[in-house]
Amino acid sequence: MNESRGQRAMSGAKQCLSAGCSGWKVLCGATRTPINIRYISSVKAGSRPSEEEQLWETAAALPFSAARLGSFFQDRPVLKNPFLEDALLRGYLRRHLPHEAVSADLCAFGERVATEVDAWGRECEVIPPRLVHFDPWGRRVDHIVTSPAWKRMKDLSAQEGLVAIAYERPHAEWSRVYQMSKLYIFSPSSGLYTCPLAMTDGAAKVIQSIGISWPVQEAFNRLTSRQPEHFWTSGQWMTERQGGSDVAGGTETVAVPQTNGWYKLYGYKWFTSATDADMTLTLARVCDQSGKTTPGSRGLSLFYAEVSRDRNGCLRGIEVQKLKDKLGTRQMPTAELLLDGLRAHRLSEEGRGVASIANMLTITRIHNSISAAAAMRRVVQLARDYSTRRTAFGKQLKEHPLHVQTLARLEVETRGAFLLVMDVCRLLGREESGVATQLDAHLLRLLTPVVKLYTGKQAVAVVSEGLESFGGQGYIEDTGLPVLLRDAQVLSIWEGTTNVLSLDVLRCVARSSGMVLRAYFTHVKTLLAGASSVSSLDPAVRAVDGALSQLEGFIQEAATRMPGYLELAARDLAFTLARIYMGALLIDHASWNGRSQADVYAALRWCEQDLCVVASNKTRGYYDATSAGVDSALVYDQETEGGH
């Protein structure tokens, strides 16, 4: 009688088991050890499998261990030296700052970031700050306990001169570009330590602009020190319950004059970033002998205060009410503070507080933009590396044209952001070195809100798309990838939301009587003229030139409309200013002698989009007198179906 196929298989399995490992190899032609799996059958629950089923369990040899984890493990993306992996950064510096010492320092720092600092940043994320209100004996101490890595970040920042470089100015007008290049490499691995550094840099800038004198001279020296034991960071305590960007209408904190010339501050600060800082700058209203204060921005003055403790370890004049529970930036302590007699020195002239923080806002907004561009670059670098390690549908991701096309689009966005940020850093460096022209000054004023608002929006979109390239792993917290997106969201909020900054663009246009726009048009045309000898860039040059003409036409028409017209167009106008200027910068970078084919391609790709979105939306009637009413009806329509 002939054996059935199942009987023959069972016979072979028995031979294999009796023959041991060598027999197994002969039967299966494999070198791996036989692995037990659980056989799925129709045996009823509670009954034992038959001898035949048990043999199948042992003989099936599917690739699972006793722990049933399987034999395949996906390689993770590897962070390599961010400096060496960034062709655009290296090319930009070769063109504008070709100093061997700069490249050597950035290369060494990039290696340290990849091999050491990135792990610290991860530690800051998994060991977030916590607040200890009381000591074991009942004293209120309000200690903010941070991870050891957070403290190492502070020492590193001093040693590497991440603030100091800007004030030492080792490369004159290019020193800001050097400093910001270093921060660009550091930011995604910093565990958000770039936030206190931004405020530290901003505080140093304010003190320098007002005048470095007693009692803030020591503070300035500490803020700009390279010695870890001497280095201070600064907070920025502006936001109160009633206002975020509206500090003039929302600041209730009062400053009570003391007989020794100092003040005591009383108020509630709703949102204080990097609350573990050594000092802070804050706004308050000076009250007279009757306790009255001046409302509005005219009543605000800028104050300097040190954060100190008494001999019992208790904070002087400050109570930490709570730490904020945030979507992202969890590595950094952010708190609500009650100021209860905090000793402070008035830094500005009385009533000139808002004007005095203008320099701080310039610095912190540029830092914000650096972090945005750096987040984009990091997710693209990791996605690029992962595409060489991940195989799907029979080939590596880098061999799937659609996947590479998506990464190319992210690369173009990242390049545009980088060049815009670095150009604003260049302008800042020229201003600080005393070589800025009037055109430079106008451009810096106009482009600072533009670069912050546009790169903040870019970062969220690029990082979100970048996470998709990792599939499900991009959504898993312990890969360290989702934090990139959670932290990116703050970039469009902190230091002015997109709409607030769009209105700031309108203010600077109005206050300069249009001179900032004239400088903008002049410089963009100069950049385009420099590319006239590179014929491959002609389509991009025509696109930017055409968009510039459209923008000029829109501005001329808007000048004849009611004031509300430009306010409705403010956001689109700011986006247009960013896109056209980025296009011009990409074209300029693709026209120098050291250009690569990638530089040319990136410029062409960028300029294929709608560069003058404000003109396009004008033709759709978005800013007409009726549009605000229609928008309101759409947003606040609470009518039930049928119109009742």
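For the structure, see preceding data.
**Student:** Lay out the overall build of the protein in plain terms, naming residues and giving numbers.
**Tutor:** Counting secondary structure elements, the protein contains 22 helices and 11 strands. Split into buried and exposed, the 644 residues of the protein put 51% on the buried side. The contacts in the protein between residues at least 6 apart in sequence include a share of 75% that link residues at least 24 apart. Surface summary for the protein: the accessible area is close to 30400 Å², and the carbon and sulfur share equals 52%.

**Student:** Quick one: what's the story with the pairing of strand E5 (residues 263–273), residue by residue and with numbers?
**Tutor:** The sheet contact formed by strand E3 (residues 234–239) and E5 spans two bridges and is antiparallel. When the bridges of E5 are listed, Thr-239 appears paired with Phe-271. As defined by bridge partners, strand E4 (residues 254–257) adjoins E5 across four bridges and the pair is classed as antiparallel. Considered in E5, the bridge of Val-254 is made with Tyr-266. Counting the residues in the hairpin turn of E4 and E5 gives five residues, including Gly-261, whose phi is positive at 95°. Relative to strand E9 (residues 334–346), E5 runs antiparallel, the two sharing nine bridges.

**Student:** Before we move on, could you go through the pattern of salt bridges and cite the residues and values that matter?
**Tutor:** Applying the stated criterion across every chain, the model contains 37 salt bridges. Notably, a salt bridge pairs Glu-85 with Arg-384, separated by 3.3 Å at the nearest N-O pair. A residue pair is termed long-range when its members are at least 10 positions apart, and Glu-85 in the loop between helix H2 (51–59) and helix H3 (87–96) and Arg-384 in helix H12 (residues 358–387) qualify at 299 residues. The salt bridge involving Arg-140 is made with Asp-142; its shortest N-O contact spans 3.0 Å. Since its relative accessible area comes to 28%, Arg-140 is described here as partly exposed. Owing to a relative accessible area of 3%, Asp-142 belongs among the buried residues under this scheme. Here the residues in one salt-bridge network are Asp-86, Arg-377, Glu-411, Arg-415 and Asp-599, joined through shared partners.

**Student:** Report on H12, specifying residues and quantitative values.
**Tutor:** Its 30 residues place the ends of H12 44 Å apart at the C-alpha level, agreeing with the 44 Å of an ideal helix rising 1.5 Å per residue. When you tally the buried positions in H12, you get 25 out of 30 residues, the bulk of the element.

**Student:** How would you explain the pairing of strand E6 (residues 279–286) if you had to name every residue and give the values?
**Tutor:** For E6, a buried count of eight out of eight residues is recorded, marking the element as mostly surrounded by other parts of the structure. One ladder, built from four bridges, connects E3 with E6; its direction is parallel. Directly across from Gln-236, in E6, lies its bridge partner Leu-281. Pairing geometry for E4 and E6, over two bridges, is parallel. Its bridge partner being in E6, Ala-255 is matched across the sheet by Val-286. Pairing of E6 with strand E7 (residues 300–306), which is carried by seven bridges, proceeds in the antiparallel orientation.

**Student:** Can you lay out the environment of Leu-361 for me, pointing to particular residues and giving the numbers?
**Tutor:** Note that Leu-361 resides in helix H12. Overall, Leu-361 belongs to the partly exposed group, its relative accessible area being 23%. Taking the C-alpha atoms as reference, Leu-361 lies 9.2 Å from Met-199; in sequence the two are 162 residues apart.

**Student:** Lay out unusual backbone geometry in plain terms, naming residues and giving numbers.
**Tutor:** Working note: non-glycine residues mostly have negative phi, and peptide bonds are mostly trans. The peptide bond linking Trp-214 to Pro-215 adopts the cis configuration, its omega dihedral lying at 5°. Its place among the elements puts Pro-215 in the loop between helix H8 (194–210) and helix H9 (217–223). Despite not being glycine, Arg-169 has its phi angle at roughly 50°, a positive value. Along the chain, the position of Arg-169 falls in the loop between helix H6 (164–168) and helix H7 (175–186). Take Arg-169: its relative accessible area is 29%, and that puts it in the partly exposed class.

**Student:** Can you tell me about the packing of aromatic side chains, naming the residues and giving the values?
**Tutor:** All chains considered together, the criterion is met by 14 aromatic pairs. A ring pair is formed by Trp-150 and Tyr-193, whose centres lie 4.7 Å apart and whose planes are at 65°; its orientation type is edge-to-face. Highlighted residues: Trp-150 in helix H5 (residues 148–159) and Tyr-193 in the loop between H7 and H8, separated in sequence by 43 residues. For Trp-150, a relative accessible area of 3% translates into the label buried. Sitting above the plane of the Trp-262 ring, Arg-343 keeps its charged end 3.7 Å from the centroid.

**Student:** So, the nonpolar core: which residues are in play, and what are the values?
**Tutor:** The biggest cluster of nonpolar side chains holds 159 residues, and the ones touching the most others in it are Leu-281, Tyr-520 and Ile-587. When residues of this core are assigned to their parent elements, the largest contribution, 15 residues, is made by helix H19 (residues 563–589). If we skip the residues at most four places from it in the chain, Tyr-520 touches Leu-443, Leu-446, Leu-447, Leu-548, Leu-551, Thr-576, Leu-577, Ile-580 and Tyr-581. Counting 18 residues, the second largest nonpolar core, distinct from the first, contains Ile-144, Ala-284, Leu-339 and Leu-342.

**Student:** Describe H3, with residues and values.
**Tutor:** Considered for burial, the residues of H3 that qualify are Leu-88, Leu-89, Gly-91, Tyr-92 and Leu-93. Where H3 is buried, its residues contact helix H4 (100–126), H7, helix H13 (401–432), H19 and helix H20 (597–606). For H3, the side-chain oxygen to backbone nitrogen distance between the N-cap and Leu-88 is 3.2 Å, and the N-cap itself is Asp-86.

**Student:** Go over the side chain of Thr-329 with me, naming the residues and quoting the values.
**Tutor:** If you trace the backbone, Thr-329 turns up in the loop between strand E8 (318–323) and E9. Look past the residues within four positions of Thr-329 in its chain and what remains in contact with it is Leu-192, Asp-487 and Val-490.

**Student:** An account of a nonpolar patch on the surface is requested, with residue identities and associated values reported.
**Tutor:** Taken together, the side chains of Leu-634, Val-635 and Tyr-636 make up a nonpolar region of the molecular surface, amounting to roughly 400 Å² of accessible area. Looking at the element boundaries, Leu-634 is found in helix H22 (residues 627–636). Judged by its relative accessible area of 69%, Leu-634 falls in the exposed class.

Rules behind the numbers
Residues numbered from 1 in each chain as written. Predicted model: local features only at pLDDT ≥ 70, side-chain atom pairs only at ≥ 80, totals over all residues. Heavy atoms only, no water. Helix = DSSP H or I, 4+ residues; strand = E, 2+ residues; numbered from the N terminus. Buried < 20%, exposed > 50% of the residue type's maximum accessible area, 1.4 Å probe, protein only. Contact = heavy atoms within 4.5 Å. Areas by Shrake-Rupley, 256 points an atom, 1.4 Å probe, with all protein chains shown as cover. Pairing = 2+ DSSP bridges. Salt bridge = Lys/Arg side-chain N within 4 Å of Asp/Glu carboxyl O. Expected span 1.5 Å × (residues − 1). Phe/Tyr/Trp six-rings, centres within 6.5 Å; stacked < 30°, edge-to-face > 60°. Lys NZ or Arg CZ within 6 Å of the ring centre and 35° of its normal. Core = buried A, V, L, I, M, F, W, Y, C linked by side-chain atoms within 4.5 Å. Polar contact = N/O pair within 3.5 Å; in protein donor to acceptor, adjacent residues only side chain to side chain. Patch = residues over 30% accessible without salt bridge, like charges linked within 9 Å, V, L, I, M, F, W, Y side chains within 5 Å.

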